[in-house]
Structures are given as structure tokens and as C-alpha cells.
Amino acid sequence: MKKSISKIIFLCLMLTFSLAACSSDDKSSDGKKSNELTVYSPHPLEFTEPLIKDFENETGIKVELISAGSGELLKRVESEKNNPLSDVLWGGSISTLDSNKELFEKFTSANDDQVADEFKNKDGYITRFSVIPSVIMVNKNLIGDIKIEGYEDLLNKELKGKIANADPSKSSSSLEQLINQLFAMGNGDPEKGWDYVTKLIKNLDGKLLSGSSAVHKGVADGEYTVGLTFEEAALNYIKNGAPVEIIYPKEGTIAKADGMGIIKDARNKENAEKFVDYVTGKEVQQKLTSELNRRSILKDVSIDKTTGMKDLSEITIIKDDEEWSNAHKEDMLNKYKDIFTSN
């Protein structure tokens, strides 16, 4: 009888301990609510730091920001899945994040009803943050008489070795560029676009950069004549007086949203939810277009043309098959690597 009572007491204590542990989410060791948040982000620091500072001032939550390429950060999230060291992955293409959504918590932002239909969080895992068209960035001091109107012009032999492009396995913006090229140059059939990609890789002359920032910086600094990058980066250099211009490929530009997700079993889940709601709110989304050269995901936030941003109606916009792109991500990366290493 005594043994049975002891066993019951032991089980009750274990249950009490388990419930206490479950209720300790977002709490520090002294039982108080956590005021911390760790964010992984591939976004440029000049983009993230003003928004994080505003968030800290408004909420009192202290943010630790870890910046690196999207591929590297995603690998960190995966390697840390049994002991998460971050709470939010802020940035990265939908093609990159969606194929790894098992690493994220289900969460729908409080602002989702204000999001344009095509950018809503339909599966509950990946929240869209901003809209980022793929573009060609040109150094006006170096381009001379070479005409650049689209992807086909990048096959010009005079540009061999002068094209900045990042490794699509390490840069989500470069992966989006690859998808854009496959669909644009394949006239909607990505398998037919590989002929173009093969020719473009040959014109890279063995040069493949490690991250997206090296692309736009390389063009602005005059190391490369042209670069395959994203709209915001090029607009930032134009705003700061660099001798560069944006070309929206005449064959078609894909304007897709990037994403963010709350990391599964995040230690500061409640604070992570506050952060996602904050950066998808109207105040921040308006700031994206008026100050930070990004396009909003919200229905009622229009672009600020004084920044040099064009209305999407002025650009040839095409769409990829997102289901195909997500399903074939690894195949695309492997094929790209095989083509690059064989040249």
C-alpha cells in the first residue's frame, strides 16, 4: 500500500513539473515574462536595423539580430531544431521557406485580412512580408554602348566575366533569379529555360558569388558591369547616388513576396508573434515603400514613385508555377551546380 501511495505521489510531482515547464514559455528563469527575441535575417542591416529599433522602442522587447545569407541561416535553423537558438527567421524566398515549413510554427498574422489575396498565408506557416521583383542592375559608367533590356542581352560576349551573380544554393534572391530566368526564357515552361541558363553560366566565366550583397555591391563598386539582383538593393544605390540603373527584363519579371516564419518550439514564441504582427502592420508596411524601397503586401498601401520605383503596370510581369518551383527546388540547384562545374 505504501509503495502504491509513493508511486502516486511521484507521478503527481512529475505531472506538476511537466505543467510548470509547459507554462514557462516566454518566461525567464525568475518566472517573469521574457523581454527578449532572437531574429535570424538575410536582409541588409541598413534595412533591418531601423525597423528593429522601432519595434524595441514600442514593445520594450530586446532583439538580438543575427545576419547572414538565407541558405546559411536556414541550415542553422535546421541544425538547431532540437534546441532552437532563434525565434524568427525574417526573410528568404517563398520557394526556400515553403520547402522547409516543418521547421516553423503555425501562425497567422493579425494583419492577414489586410493582405492582398495572392500574398496571404494560406497554409498557416509562412507569413509574407514584402514584394520583391527580380531585376538586372547595370553600372552606367562601365556599360558603354552595350544594350541591356533583358536576359537575352546578358549573353553578349563583351560581358563575359563581368556579370555578378550569386550561388542560388546560398542566396534566396539568386534562386528567385534562376526561377525567373527559367520561366521567362522558357516562355512559361521552365524545362525549356535551361538552354538559356546554360549559356548564361558560360558567360559568368567561372564567377559565382557567395551571397546577394556581393552582387549589388560588386556592380555599384565597379567590379562588375551588370548584376542579377533584387529591386530594393538597386533602388538603395540609386537613392545614394551610385552610378547604377535598374532594368526590368523585357522577357518578364516575377514579383514574388519574401517570407518569414516563427521557428518551431521557439523559446520566445509570444514575442515572435508580436514581431510578425508588427512588421506586417500598416505603419511598417507604409514605411517599406516610402523609406526602404520595398513593396508592401497590404492591399491599401501604394508605392511611392518618388523613390524611383515603377508601378507593376509599367513592367512586364510574369508568374511562375509556385507549386512546381517549390517541388523542384533541389533539382534546380543540383542541375545548376552540375552545369556550372562542367563549364
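This is a predicted model, so every value here is computed, not measured. Throughout this document, residue positions are counted from 1 along each chain, in the order its sequence is written. Per-residue local features of the predicted model are confined to residues with pLDDT of at least 70, and side-chain atom pairs are confined, for both listing and counting, to 80 or more; whole-chain, interface and lining totals are unaffected and use all residues. The side-chain quantities take in all heavy atoms of the structure and omit both hydrogens and water.

Details of the environment of Leu-298
Here comes step 1: Here Leu-298 shows up in the loop between strand E9 (295-296) and helix H12 (322-327).
Here comes step 2: Residue class for Leu-298 comes out buried when judged on its relative accessible area of 6%.
Here comes step 3: Sequence-wise, Leu-298 and Met-137 are 161 residues apart; in three dimensions their C-alpha atoms are separated by 27 Å.
Here comes step 4: Here a residue-residue contact requires only that any non-hydrogen atoms of the pair lie within 4.5 Å. Look past the residues within four positions of Leu-298 in its chain and what remains in contact with it is Asn-111, Gln-114, Val-115, Ala-116, Thr-280, Gly-281, Lys-282 and Gln-285. Numbering of helices and strands starts at the N terminus; helices are DSSP runs of H or I of at least 4 residues and strands are runs of E of at least 2. Each residue gets one of three labels from its accessible area relative to the maximum for its type: buried under 20%, exposed over 50%, partly exposed in between, using a 1.4 Å probe on protein chains only.

Considering the confidence of the model for the chain
Here comes step 1: Scored from 0 to 100, pLDDT records how confident the predictor is in each individual residue. In the predicted model, the chain carries a mean pLDDT of 90, and 91% of its residues have values of at least 70.
Here comes step 2: Below pLDDT 50 for its whole length, residues 1-24 participates in zero contacts with residues either more than four positions away or in separate chains.

Things to note about the packing of aromatic side chains
Here comes step 1: Aromatic contacts are taken between Phe, Tyr and Trp rings whose centres are within 6.5 Å, Trp giving its six-membered ring; a plane angle under 30 degrees counts as stacked, one over 60 as edge-to-face, and the others as tilted. Enumeration over the complete set of coordinates arrives at eight aromatic pairs.
Here comes step 2: Centre to centre, the rings of Phe-47 and Phe-129 are 6.0 Å apart; their planes meet at 85°, and the pair counts as edge-to-face. Residue Phe-47 is found in helix H2 (residues 45-59), and its partner Phe-129 is found in strand E4 (residues 127-139); the two are separated by 82 residues along the sequence. Grouping residues by exposure puts Phe-47 and Phe-129 together as buried.
Here comes step 3: Look at Phe-183 and Trp-324: their rings are 5.8 Å apart centre to centre, the planes differ by 85°, and that puts the pair in the edge-to-face class. Pair noted here: Phe-183 is in helix H6 (residues 172-185) and Trp-324 is in helix H12, with a separation of 141 residues, a long-range link.

Re the side chain of Ser-296
Here comes step 1: Within the secondary structure layout, Ser-296 lies in strand E9.
Here comes step 2: Judged by its relative accessible area of 10%, Ser-296 is buried.
Here comes step 3: Whenever two N or O atoms come within 3.5 Å, that pair is a polar contact, provided that in protein one can donate a hydrogen and the other can accept it, and provided that, for residues adjacent in sequence, both atoms are side-chain atoms. A polar side-chain atom of Ser-296 sits 2.9 Å from the main-chain amide nitrogen of Leu-298.
Here comes step 4: Ignoring anything within four residues of it in the chain, the contact list for Ser-296 reads Val-131, Gln-285, Thr-289 and Val-301.

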